[in-house]
Protein chains: 2
Amino acid sequence: MNHLLEKIATKEVFPGFVGRFIHTQTMTFAFWDIKQGSMVPEHSHLHEQVVNMQEGEFELIVDGQPHLLQPGMVFTIPSHVKHSGRAITPCKILDVFSPVREDYKF
Amino acid sequence: MNHLLEKIATKEVFPGFVGRFIHTQTMTFAFWDIKQGSMVPEHSHLHEQVVNMQEGEFELIVDGQPHLLQPGMVFTIPSHVKHSGRAITPCKILDVFSPVREDYKF
């Protein structure tokens, strides 16, 4: 099935985190536009998460360790590992989750 | 774990399809640089596949139906569905597979 990203409705899931979502049987793709300064508090989940930096700079704190993410970087977060983050600049990020994020089905 | 794409070794898996690979517990990320005119013959696999068009134009034939993929498009191929393709221009594509592509562990 072909998905045109710009045709997918957006949802502001956390303040400043505006996402478009595609779900398959086993994965969820979250295409985020993130406003500068927006933060996601520490949390964890069963799902594996792969953070694909597309534009901007994002500080990702994983298990207490800070990482400065920039385009060309891909960060893999294992299942159940605590993480939080902050958009240092406006960012575009693709997060891929497995299994599906049922809580991102709107 | 942080991966810098440019530091990942490349592998030419099919003629003209040069990939960098990241494997998690449940997924494989294949970052392709594809030469213009390169083709992948019809095949299918258990894995779900999500094709993220980043640069260029790619003709993807799925279950006998042709689709012209361009940047901003995301194509989801279910498990076991036959597909083939051809790079109309040089392309950059991110393919995400679930479960892991053991055959892409080099």
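As shown above, the structure is provided for reference.
Residues numbered from 1 in each chain as written. Chains lettered and ligands numbered in written order. Predicted model: local features only at pLDDT ≥ 70, side-chain atom pairs only at ≥ 80, totals over all residues.

Some words on the nonpolar core
Counting 50 residues, the largest nonpolar core has A:Phe29, A:Val51, B:Phe29 and B:Val51 as its most contacted members. Ignoring sequence-local partners within four residues, the contact set of B:Val51 consists of B:Leu60, B:Leu69, B:Val74, B:Phe75, B:Ile77, B:Ile93 and B:Asp95. (Core = buried A, V, L, I, M, F, W, Y, C linked by C-beta atoms within 7 Å. Buried ≥ 20, exposed ≤ 12 C-beta atoms within 10 Å, placed from the backbone. Contact = placed C-beta atoms within 7 Å.)

Details of the relation of the copies chain A and chain B
It takes a turn of 180° to lay chain A on chain B, together with a shift of 0.0 Å along the axis; the resulting RMSD is 0.0 Å. What the superposition gives is, in effect, a two-fold axis relating one chain to the other. (Least-squares fit on C-alpha atoms with pLDDT ≥ 70 in both.)

A few points about the interface of chain A and chain B
Contact residues are listed per partner, giving 22 residues for chain A and 22 residues for chain B. Those elements that provide at least two residues to the side of chain A that touches chain B are strand 1 (2-4), strand 6 (48-55), strand 9 (73-77) and strand 11 (91-98) of chain A. When residues of the side of chain A that touches chain B are assigned to their parent elements, the largest contribution, 4 residues, is made by strand 9 of chain A. Residue classes in the side of chain A that touches chain B are distributed as 11 nonpolar, 9 polar and 2 charged. (Helix = DSSP H or I, 4+ residues; strand = E, 2+ residues; numbered from the N terminus. Nonpolar A, V, L, I, M, F, W, Y, C, P; charged D, E, K, R; others polar.)

Quick word on the sheet that holds strand 8 (residues 65-69) of chain A
Hydrogen bonds between backbone groups are what pair the strands of a sheet, and the pairing can be parallel or antiparallel. Residues and elements named next belong to chain A. Spatially, 5-10-7-8 is the arrangement adopted by the 4 strands of the open sheet, whose pairing is antiparallel. The open sheet terminates on both sides in strands that have one partner only, identified here as strand 5 (39-43) and strand 8. For this sheet, the mean inter-axis angle between neighbouring strands, taken without regard to orientation, is 15°. Bridge analysis of strand 7 (residues 58-62) against strand 10 (residues 83-87) gives 5 bridges, and the strand direction is antiparallel. Bridge pairing links Ile61 to Ser84 in strand 10. (Pairing = 2+ DSSP bridges. Axes fitted to C-alpha atoms, helices over the stretch in contact; angles between N-to-C directions.)

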